[in-house]
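# Notes for the structure review
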Amino acid sequence: MAFYSVFLVFLTGLALCSEATPLDSPDSKHPLYIRVLDSVRGSPAPNVPVKLYKEAADGSWELLNSKQTNDKGGLPELTTKEQFGAGVYKLELDTASYWKSMGLNPFHHHADVVFPANDAGYRHYSIAVVLSPFSYSTTAVVSEPVE
Amino acid sequence: QADGMPEVGNGSLTTHVLNTVTGLPAAGLAIRLEQLQEPGPQWKELAQRHTDTDGRCQPLLAAGEAKAGIYKLYFETAAYWQGLGHTSFYPYVEVVFNITDPGQKLHVPLLISPYSYSTYRGS
């Protein structure tokens, strides 16, 4: 599948870049890293609004942060180690706004990714999302518990 | 309705779930369809299905049932992977999409692996 080739290239790039450019991957201070890619243009997807929620005890979603991807389609500072305790999180990407700003009418209302975090100690999370107007893909790279 | 497998083509919303680890359909996976009660935030459950051995199920919306609006397909992926003895990352997968033309046949497949998924609008 073409998506998996893109992911492999992206993840290799992440691994290679992580030494040189710390803000291209998660680190201990910012353990959740998002990268959004545009598979129509073969480019990063900049200025995509992303919300991070945490599931509360009553099952409702509590909004923790709301930011946009940078020029490289990256969002390194969505949360901090202190804020990112064990729990279930939801990332909600406003992909529709991204496509509409280019004059396209996309299929999905938004793309969301629900995942558990830090159940066995602090880990680093990289979430990649690859977009097109009628499709999206997401992959997670999760480290072993650190420190 | 004829005996045996009904024509999937008659429905206006269908899905198909594929396990990309094995390259085989994902059987026995629970799915539900919800519609946003505009302007939200409540969702109303419209249908529940389980995939068959082909990774497919009865149409979630029959021809003529769809109305324009915002819909959510909810896939119980964690339970599926657990049943196969795999760990997986996501507790479930939700796909939220627009129906703008109620007369259109929509096919919304999902490809899954333990740490990744992909979805698209097909035909």
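All figures in this text were calculated on a predicted structure; none of them were measured in a lab. (Residues numbered from 1 in each chain as written. Chains lettered and ligands numbered in written order. Predicted model: local features only at pLDDT ≥ 70, side-chain atom pairs only at ≥ 80, totals over all residues. Heavy atoms only, no water.)

Turning our attention to the environment of lysine 72 of chain A. When you line up the elements, lysine 72 of chain A lands in the loop between strand E4 (61-68) and strand E5 (74-75). Sequence separation of lysine 72 of chain A and glycine 87 of chain A is 15 residues, and the distance between their C-alpha atoms is 28 Å. (Helix = DSSP H or I, 4+ residues; strand = E, 2+ residues; numbered from the N terminus.)

At the junction of the two partners, chain B supplies 21 residues and chain A supplies 26 residues. Inspection of the chain B/chain A interface yields zero salt bridges. Inspection of the region where chain B meets chain A yields 12 residue pairs in polar contact (both at pLDDT 80 or more). Elements represented by at least two residues in the side of chain B that touches chain A include exactly strand E8 (93-99) and strand E11 (116-120) of chain B. Here the side of chain B that touches chain A is built from residues that sort into 14 nonpolar, five polar and two charged. Pairing geometry for strand E7 (residues 108-117) of chain A and E8 of chain B, over two bridges, is antiparallel. Counterpart to histidine 108 of chain A in the pairing with E8 of chain B is phenylalanine 97 of chain B. (Contact = heavy atoms within 4.5 Å. Salt bridge = Lys/Arg side-chain N within 4 Å of Asp/Glu carboxyl O. Polar contact = N/O pair within 3.5 Å; in protein donor to acceptor, adjacent residues only side chain to side chain. Nonpolar A, V, L, I, M, F, W, Y, C, P; charged D, E, K, R; others polar. Pairing = 2+ DSSP bridges.)

Moving on, we get to the sheet that holds strand E7 (residues 69-75) of chain B. The eight strands are arranged E4(A)-E3(A)-E6(A)-E7(A)-E8(B)-E7(B)-E4(B)-E5(B) in an open sheet whose pairing can be described as antiparallel. The sheet is open, and its two borders are formed by E4 of chain A together with strand E5 (43-50) of chain B, each paired with just one other strand. Taken over all neighbouring pairs, the strand axes of this sheet differ in orientation by 20° on average, direction set aside. Alignment of E7 of chain B against E8 of chain B, held across seven bridges, turns out to be antiparallel. (Axes fitted to C-alpha atoms, helices over the stretch in contact; angles between N-to-C directions.)

Take the packing of aromatic side chains next. The final tally for this structure, using the stated rule, is 15 aromatic pairs over all chains. On the numbers, 6.2 Å between centres and 25° between planes, the contact of tyrosine 71 of chain B with phenylalanine 97 of chain B is stacked. With tyrosine 71 of chain B in strand E7 and phenylalanine 97 of chain B in strand E8, the pair connects residues that are 26 residues apart, well separated along the chain. Owing to a relative accessible area of 0%, phenylalanine 97 of chain B belongs among the buried residues under this scheme. Ring geometry for tyrosine 80 of chain B against tryptophan 81 of chain B: centres 5.3 Å apart, planes inclined by 70°, an arrangement best described as edge-to-face. In this pair, the class of tyrosine 80 of chain B matches that of tryptophan 81 of chain B, namely buried. Between the NZ or CZ atom of lysine 81 of chain A and the centre of the ring of tyrosine 122 of chain A, over which it lies, the distance is 4.8 Å. The ring of tyrosine 53 of chain A has lysine 90 of chain A sitting right over it, with the charged end atom 6.0 Å from the ring centre. (Phe/Tyr/Trp six-rings, centres within 6.5 Å; stacked < 30°, edge-to-face > 60°. Buried < 20%, exposed > 50% of the residue type's maximum accessible area, 1.4 Å probe, protein only. Lys NZ or Arg CZ within 6 Å of the ring centre and 35° of its normal.)

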